[in-house]
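Summary of structural features
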2 protein chains.
Amino acid sequence: MPGSGHGYLCPMPDCNTIRCMTTTFPPAPVLAIDAGQSGIRSQIDSGEVRSFAAIRTDLPLAPQLASVVEQSLRGSGLTGVTVSGGVSGVTHAQTVADELALLVEPFGVARVFVAHDSISAFLGALGSELGAVVAAGTGVVTLAVGEERLAQVDGWGYLVGDAGSGYWIGRAALDAVMRAFDGRGPETALTEVVLAHHPDLPSMYVSLQTNEGKVRHIASFARSVGDLAETDAVAAGILASAGFQLAASVAAGLARVGLPGGRSEVQVRAIGNVFSSPHVAAAFRSSLLERVPEARVAVGESHPLDGAAMLPHLEKDHALIASIGFVTL
Amino acid sequence: MPGSGHGYLCPMPDCNTIRCMTTTFPPAPVLAIDAGQSGIRSQIDSGEVRSFAAIRTDLPLAPQLASVVEQSLRGSGLTGVTVSGGVSGVTHAQTVADELALLVEPFGVARVFVAHDSISAFLGALGSELGAVVAAGTGVVTLAVGEERLAQVDGWGYLVGDAGSGYWIGRAALDAVMRAFDGRGPETALTEVVLAHHPDLPSMYVSLQTNEGKVRHIASFARSVGDLAETDAVAAGILASAGFQLAASVAAGLARVGLPGGRSEVQVRAIGNVFSSPHVAAAFRSSLLERVPEARVAVGESHPLDGAAMLPHLEKDHALIASIGFVTL
């Protein structure tokens with residue numbers, strides 16, 4: 001690997017940290033990219049944030065990223081740039097990094113780092129600390145990072161996974177409404193909300209099944225569940241169950257990476273719209289503390305652009321290193 | 001209505017039963033039709049059963065039924081025929097009967113009866129008795145018929161309904177496999193079964209979501225859940241839950257139609273592939289008897305062609321009458 005210009009971070013056998021690389025490469029501008037399915041953003045060092053259309057995970061990723069790199073660097077006059085991207089849909093980070101490097105060489109790029117966006121989300125929420133980040137929007141994915149291992153939990157989509165996500169909450173709400181309609185379940189104020197969108201409940205399932213945006217549409221009812229949770233027992237029950245599911249995912253992830261081990265505390269960050277419901281947040285916190293008393297739970301934001309910019313700066317023995325694709329040009 | 005030739009059964013104010021119609025019309029051959037989404041069958045009186053392609057519920061129903069009538073009667077030389085069909089996808093039975101009557105008049109048809117196939121399934125399982133029929137295959141629907149009312153319970157599709165169906169069981173199995181994979185749930189022998197179809201579990205959800213036959217594919221795992229239930233606690237738990245869900249649907253349906261009322265017993269028939277699992281059948285029976293001790297539960301078959309042939313023979317005050325479309329020519 002040495003000399004080829006390709007490889008994971010610092011492949012030199014006598015180099016113990018990533019810092020050796022700054023002796024090989026002069027300090028360089030970093031173009032951070034957060035490529036998600038609702039939009040792509042880029043930022044050079046701490047400058048202005050630029051926005052682009054969402055990444056299409058059903059199309060080759062590298063050409064889409066190369067276009068963002070070209071537009072971001074055009075006219076900047078920068079050379080020796082480090083491109084560092086957290087990208088949705090990445091299954092083999094090194095392959096995407098290799099492909100991207102070939103495409104962006106003409107634009108003044110010296111190094112390319114690529115990782116799945118769950119990694120940049122983790123870094124943007126917890127930095128280089130060990131622990132777990134659970135990101136719950138329409139879907140949900142949990143990433144736990146220990147001393148030597150990382151573990152993804154759930155993120156298995158609306159049909160067989162995403163327990164506790166916005167979709168999961170919205171689907172449970174519609175199910176509860178049909179149960180009340182049938183007499184299989186208790187009456188709920190959710191019925192009125194759903195009737196405003198589906199005035200004929202018996203035909204709702206037909207329009208759901210034929211709706212190409214059904215996942216987003218169903219997830220949109222999660223907000224109403226949150227709005228009604230103070231006064232409606234069915235809504236409150238759904239949110240408590242969601243918090244329980246999310247806590248189970250975090251506890252499983254921590255266990256798989258050997259945390260808390262002997263530590264007196266372990267960091268957990270809960271990010272995404274689902275946690276804006278105090279009912280979900282409270283149920284998540286109490287359920288997790290029952291399983292992992294050492295958890296230090298904070299509900300907060302992720303800064304995935306900052307997380308992407310951190311990819312070149314991780315210690316070489318960090319558990320995330322093996323998941324980052326890296327190319328020098 | 002009298003004189004127009006259109007209307008529900010026996011609209012004459014001084015006629016108390018359907019039998020009066022046999023004094024108006026000579027005894028006539030009956031062409032029974034069972035038009036389902038996996039195939040259409042027809043039968044003249046108790047003669048040979050003929051098969052046709054499935055009904056397309058996304059296309060107009062009457063022309064498809066007229067074609068079956070034409071092919072079934074062609075060369076028979078019969079006149080004064082009563083066409084009596086249980087048809088999937090019917091929302092307004094009278095409209096379909098009206099449209100069908102116009103199309104089949106040239107083929108020797110004297111009367112047309114049309115009902116939703118859940119009604120012919122009910123009649124084919126319980127005859128003209130009161131009670132409930134729950135039909136559980138890939139989907140599930142329950143129909144309860146009381147003295148004066150009928151009630152459909154569930155049948156709301158794979159996204160927000162069909163609790164206890166083959167799809168519901170198969171989806172729960174795949175969910176359990178991913179939970180075991182993540183460490184969120186117990187190990188299960190279901191994993192080996194699923195791996196045979198999806199060797200890379202983390203990418204299973206992608207292939208499921210893009211599979212146009214996903215509902216049938218997911219439901220196909222229900223059989224394996226049944227096969228493993230003797231030795232695998234996760235599989236057994238899924239089937240027990242399915243039985244509980246199906247019992248809840250029947251109990252809700254009976255309550256809505258006022259059964260058992262003062263009766264010492266009420267008939268319940270459980271039909272469809274899902275009940276071929278003894279675990280589902282046992283859980284269903286015990287869970288239902290806890291809720292409705294008067295239930296006389298039998299697992300058995302429906303004979304929807306026989307049920308369709310019964311449509312012209314119901315007493316005029318039967319609770320199903322209002323759901324049957326009827327036209328005389």
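Definitions and limits used
- Residues numbered from 1 in each chain as written.
- Chains lettered and ligands numbered in written order.
- Predicted model: local features only at pLDDT ≥ 70, side-chain atom pairs only at ≥ 80, totals over all residues.
- Heavy atoms only, no water.
- Pairing = 2+ DSSP bridges.
- Helix = DSSP H or I, 4+ residues; strand = E, 2+ residues; numbered from the N terminus.
- Axes fitted to C-alpha atoms, helices over the stretch in contact; angles between N-to-C directions.
- Contact = heavy atoms within 4.5 Å.
- Buried < 20%, exposed > 50% of the residue type's maximum accessible area, 1.4 Å probe, protein only.
- Least-squares fit on C-alpha atoms with pLDDT ≥ 70 in both.
- Salt bridge = Lys/Arg side-chain N within 4 Å of Asp/Glu carboxyl O.
- Core = buried A, V, L, I, M, F, W, Y, C linked by side-chain atoms within 4.5 Å.
- Domains from an automatic or database assignment.
- Buried area = accessible area lost by both parts, 1.4 Å probe.
- Polar contact = N/O pair within 3.5 Å; in protein donor to acceptor, adjacent residues only side chain to side chain.
- Nonpolar A, V, L, I, M, F, W, Y, C, P; charged D, E, K, R; others polar.
- pLDDT = per-residue confidence, 0-100.
- Expected span 1.5 Å × (residues − 1).

This part takes up the sheet that holds strand β11 (residues 325-328) of chain B. Residue and element names in this part refer to chain B. The sheet built from six strands is open, its strands ordered β3-β2-β1-β4-β5-β11 with mixed pairing. The outermost strands of the open sheet, each flanked by one partner alone, are β3 (49-52) and β11. With direction set aside, neighbouring strand axes in the sheet form an average angle of 15°. Where strand β1 (residues 30-36) meets strand β2 (residues 39-44), six bridges bridge the pair, whose relative direction is antiparallel. Considered in β2, the bridge of D34 is made with R41. Packing against the sheet, helix α3 (residues 93-104) makes contact with β4 (81-87), β5 (109-116) and β11, and its axis sits at approximately 150° to β5.

Below, the discussion takes up the pairing of strand β7 (residues 140-145) of chain A. Residue and element names in this part refer to chain A. In terms of residue burial, β7 counts as a mostly covered element, since five of its six residues are buried. Sheet topology note: the strand β6 (residues 131-136)/β7 ladder contains six bridges and is antiparallel. Of the residues in β7, the one forming a bridge with V134 is T142. Adjacent in sequence and paired antiparallel, β6 and β7 are bridged by three residues. Where β7 hands over to strand β8 (residues 150-153), the hairpin turn is made up of four residues, counted between the paired strands.

So, about the environment of T95(A). Here T95(A) is to be found in helix α3 (residues 93-104). Spatially, the C-alpha atoms of T95(A) and V114(A) are 9.2 Å apart, while their sequence positions differ by 19 residues.

Turning to the relation of the copies chain B and chain A, a few remarks are in order. Of the two same-sequence chains, chain B is brought onto chain A (RMSD 0.0 Å, axial shift 0.0 Å) by a rotation of 180°. When the rotation and shift are considered jointly, the pair of chain copies conforms to a two-fold rotation axis. Among all C-alpha atoms of chain B, that of L159(B) lies closest to the rotation axis, at 4.3 Å. Looking at chain B, 100% of its interface residues are interface residues in chain A too, so the copies touch through the same face.

Turning our attention to the pattern of salt bridges. Applying the stated criterion to the full structure yields 16 salt bridges over all chains. In this structure, the salt-bridge partner of R171(A) is D175(A), at a minimum N-O distance of 3.7 Å. Taken together, the positions of R171(A) and D175(A), both in helix α6 (residues 166-182) and four residues apart, correspond to about one turn of that helix. One continuous salt-bridge network, built from bridges that share partners, spans D154(A), D182(B) and R184(B).

Judged by nonpolar contacts, the single largest core of 106 residues is most densely connected at F284(A), L288(A), F284(B) and L288(B). With near-sequence residues (within four places) excluded, L288(A) lies in contact with A247(A), V250(A), A251(A), V268(A), A295(A) and V297(A).

Now for the environment of I33(A). All names here are of chain A. With respect to the helices and strands, I33 occurs in strand β1 (residues 30-36). Taking relative accessible area as the criterion, I33 reaches 1% and is therefore assigned buried. A C-alpha to C-alpha distance of 17 Å links I33 and H92, two positions 59 residues apart in sequence. Non-local contacts of I33, meaning those with residues more than four positions away in its chain, are made with I40, R41, S42, L65, V68, V69, V83, S84, G85, G86, L305 and A308.

Turning our attention to the domain arrangement of chain A. All names here are of chain A. For chain A, the assigned domains read domain 1 (20-123 + 314-328) and domain 2 (129-302). Relative to domain 2, the C-alpha centre of domain 1 lies at a distance of 31 Å. On the side of domain 2, 12 residues touch domain 1, which itself brings nine residues to the contact. It is A121, F122 and A319 in domain 1 that bury the most area against domain 2; as a group they hold 63% of the surface buried on that side. Taken together, domain 1 and domain 2 are joined by one residue pair in polar contact (both at pLDDT 80 or more). For the side of domain 1 that touches domain 2, a count of residues per class yields five nonpolar, three polar and one charged.

For the rest of this paragraph, the subject is the confidence of the model for chain A. In the predicted model, chain A carries a mean pLDDT of 91, and 92% of its residues have values of at least 70. In this model residues 1-26 of chain A is a low-confidence stretch, pLDDT under 50, and it forms 44 contacts with partners more than four residues away in sequence or in other chains.

As a further point, take helix α12 (residues 278-291) of chain B. With 14 residues, α12(B) should reach 20 Å at 1.5 Å per residue; the first-to-last C-alpha distance of 20 Å fits that figure. Looking at the packing, one finds that the buried side of α12(B) touches β6 (131-136), α6 (166-182), α11 (233-256), β9 (266-271) and β10 (295-299) of chain B.

Contacts between the two partners involve 32 residues from chain B and, on the opposite side, 32 residues from chain A. Between chain B and chain A, roughly 2,600 Å² of surface is buried when both sides are summed, and carbon and sulfur atoms account for 61% of that area. In terms of surface lost to chain A, no three residues of chain B exceed W156(B), L159(B) and V160(B), which account for 30% of the buried area on that side. Remark: the boundary between chain B and chain A carries two salt bridges. Between R184(A) and D154(B) there is a salt bridge, with the nearest N and O atoms lying 3.2 Å from each other. Among the elements of the structure, β8 (150-153), α5 (157-160), α6, α8 (204-210), α9 (214-219) and α11 of chain B are those that each provide at least two residues to the side of chain B that touches chain A. Of the residues in the side of chain B that touches chain A, the class split is 17 nonpolar, seven polar and eight charged.

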